[in-house]
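Residues per chain, in single letters:
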Amino acid sequence: ERTWTRASAAGNLSTFAPTPSEEKPVDTDHTWTETSATIRVAGLDRAVRILHVTDSHISRDPETEPPYDDCSARMHAAYSSYDTSGAFRDQMQRAASERVDLIALTGDQVNYPSTSSVEFIADEVERTGIPHIYTAGNHDWHYEGLPGDSGDLRRQWRAKRLAPLYRGAPSHSSLEIGNLRFVAIDNATSQVDEAQFEFFRQQAAHGIPLVLLCHIPLALPSLREDGLRPLCGDPIWGAATDRNWKIERRQRWPESGNAPSTTAFYETISQTPSLVAILTGHIHMDRADPIHDSAVQYATKAGIDGSCRLFTFLPLD
């Protein structure tokens, strides 16, 4: 078990913000293990429990629609040694038995947007009777080898196939449970556009303790120091550091690097006093990295083998 509090965080603060916020961050206390986290938050009116599941990489069957056979073969084979469907079913049964308040799905739940895979996930989540929030990962909407701009393809397949998984706008959404606000931002292209950035700023302006959900972790200094780069907001993100565009048969990241809105979003995170946690996936490992002196970014291990993380948010006395 690991513990992190405001008093012990001084040496780990994120340094990417040009100037600190004048507002005092909400008081928190974080304690976590590989599979759980307890976060005490000043201002909560009751306990809130959520199950975080990410990177399930489910493909129920090889894609049977002839136009997409070649586009699904590699990812279908990638996790064929795992019972990913069984693992997800077990996770949903755990959510029901734990009586959590929310199921948080942060992307790469499917290997590609096949109807059978999306319907399986939607049915399993619906069977729990528990509210959920979902944001896409870089594989959910991606058929490898389809020509076109990544942003356009994401919009197309979110609407055409992933729609049953959403409970709000695919690009950005929010919900509130027990005086805790959950905000989902789709950063599956490693970028955050102007509308998403403005939405986040509006949500944060309410002052309610906020939990951000996205697929790709923000490139905090501790992640960069450990060699986990380039992630969302990393200054080196761009064509020169795109190692996988050929094998994933997709559009290469641009020579120009990050969009200004992505950089602004990244810099704003450490200056958001209401932020208490970020929940992410993508890197298939357990991480807990301080953001500022009250917030931690959690990456949960890939759900392919049943891994998940149970978060308990409690009032801080």
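What you see is a predicted model; the values in this text were computed from it and never measured.

**Considering the overall build of the chain**
A tally of regular secondary structure across the chain gives seven helices and 13 strands. For a compact globule of 317 residues, the expected C-alpha radius of gyration is about 20 Å, and the chain comes in at 19 Å, within 12% of that figure. Projecting the C-alpha coordinates of the chain onto the three principal axes gives extents of approximately 60 × 50 × 30 Å. Going through the 317 residues of the chain one by one, you find that 57% of them count as buried.

**Description of the confidence of the model for the chain**
For the chain, the mean per-residue pLDDT works out to 92, and 91% of the residues sit at or above 70. Counting interchain partners and residues more than four positions distant, the pLDDT-below-50 stretch residues 5–20 has 29 contacts.

**Notes on the environment of S117**
Residue position: S117 is located in helix α3 (residues 115–128). Residue S117 is classed as buried on the basis of its relative accessible area, which comes to 0%. As for S117 and L153, which are separated by 36 residues in sequence, their C-alpha atoms are 18 Å apart. Not counting residues within four places of it along the chain, the set of residues in contact with S117 comprises I58, S59, R60 and V110. At 3.1 Å, the side chain of S117 forms a polar contact with the backbone nitrogen of R60.

**Regarding the nonpolar core**
One finds F88, I103, I121 and L162 to be the most contacted residues of the largest nonpolar core, which totals 36 residues. Of all elements in the fold, only β4 (48–53), α1 (69–78), α2 (84–98), β5 (102–105), α3 and α4 (150–162) reach the threshold of two or more residues within this core. For this core, the element with the highest residue contribution is α3, accounting for five residues. Beyond its immediate sequence surroundings of up to four residues, F88 is in contact with V53, S56, I58, L105, Q109, F120, I121, E124 and V125. Membership of the second largest hydrophobic core comes to 27 residues, among which are L212, C214, I216 and C232.

**Remarks on the sheet that holds strand β9 (residues 210–213)**
Overall, mixed pairing links the six strands, which are arranged β7-β8-β9-β10-β12-β11 in an open sheet. Both edges of this open sheet fall to β7 (172–177) and β11 (287–292), since each of them pairs with a single strand only. Strand-to-strand, the axes of this sheet are offset by a mean angle of 20 degrees, without reference to chain direction.

**Describing the packing of aromatic side chains**
Two aromatic rings, taken as a pair, are described by how far apart their centres are and by the angle between their planes. Scanning all chains against the criterion turns up 13 aromatic pairs. Pairing Y143 with W157 gives two aromatic rings, centres 5.0 Å apart and planes at 80 degrees, and the pair type is edge-to-face. With a gap of 14 residues between them, Y143 in the loop between β6 (132–134) and α4 and W157 in helix α4 connect regions that are remote in the sequence. For the pair formed by Y143 and W157, the shared burial category is buried.

**Quick word on α1**
Of all the residues in α1, the buried ones are C71, S72 and M75. When α1 is viewed along its axis, its buried side chains cluster within an angular range of 70 degrees and face the same direction.

**Digging into the side chain of H52**
With respect to the helices and strands, H52 occurs in strand β4. Using a relative accessible area of 0% as the deciding quantity, one classes H52 as buried. Polar side-chain contacts of H52 include one of 2.7 Å to the side chain of T300. Those residues in contact with H52, other than ones at most four positions away along the chain, are A104, T106, L279, T280, T300, C308, R309 and F311.

**Let's talk about the pairing of β4**
Among the six residues in β4, five count as buried, and that is most of the element. When β4 meets strand β13 (residues 309–315), the two strands line up antiparallel, connected through five bridges. Bridging across to β13, R49 finds its partner in T312. With four bridges joining them, β4 and β5 adopt parallel strand pairing. Among the inter-strand pairings, L51 is bridged to a residue of β5, identified as I103.

**Points about the packing of α2 against α3**
Put simply, α2 and α3 touch, their axes get as near as 9 Å, and they point 20 degrees apart. Between α2 and α3, the interaxial angle falls into the category roughly parallel. Relative to α3, α2 is oriented so that their crossing is right-handed. Contacts from S85, F88, R89 and M92 of α2 reach α3 at F120, I121, E124, V125 and T128.

**So, the pairing of β11**
Taken residue by residue, a regular strand's side chains alternate between the two faces of the sheet. By the criterion of burial, β11 is predominantly enclosed, with five of the six residues buried. From the end of β11 to the start of strand β12 (residues 295–299), which pair antiparallel, there are two residues.

**Brief notes about α4**
Its 13 residues place the ends of α4 only 16 Å apart at the C-alpha level, less than the 18 Å of an ideal helix rising 1.5 Å per residue. Packed against the buried residues of α4 are α3 and β6. Two or three places before G151, at the start of α4, stands the capping residue D149, its side-chain oxygen 2.9 Å from that residue's backbone nitrogen.

What counts and what doesn't
- Residues numbered from 1 in each chain as written.
- Predicted model: local features only at pLDDT ≥ 70, side-chain atom pairs only at ≥ 80, totals over all residues.
- Heavy atoms only, no water.
- Helix = DSSP H or I, 4+ residues; strand = E, 2+ residues; numbered from the N terminus.
- Rg over C-alpha atoms; globule rule 2.2 N^0.38 Å.
- Buried < 20%, exposed > 50% of the residue type's maximum accessible area, 1.4 Å probe, protein only.
- pLDDT = per-residue confidence, 0-100.
- Contact = heavy atoms within 4.5 Å.
- Polar contact = N/O pair within 3.5 Å; in protein donor to acceptor, adjacent residues only side chain to side chain.
- Core = buried A, V, L, I, M, F, W, Y, C linked by side-chain atoms within 4.5 Å.
- Pairing = 2+ DSSP bridges.
- Axes fitted to C-alpha atoms, helices over the stretch in contact; angles between N-to-C directions.
- Phe/Tyr/Trp six-rings, centres within 6.5 Å; stacked < 30°, edge-to-face > 60°.
- Arc of directions from axis to C-beta.
- Parallel < 35°, antiparallel > 145°, perpendicular 65-115°, else oblique.
- Left-handed = near helix turned anticlockwise from the far one by under 90°.
- Expected span 1.5 Å × (residues − 1).

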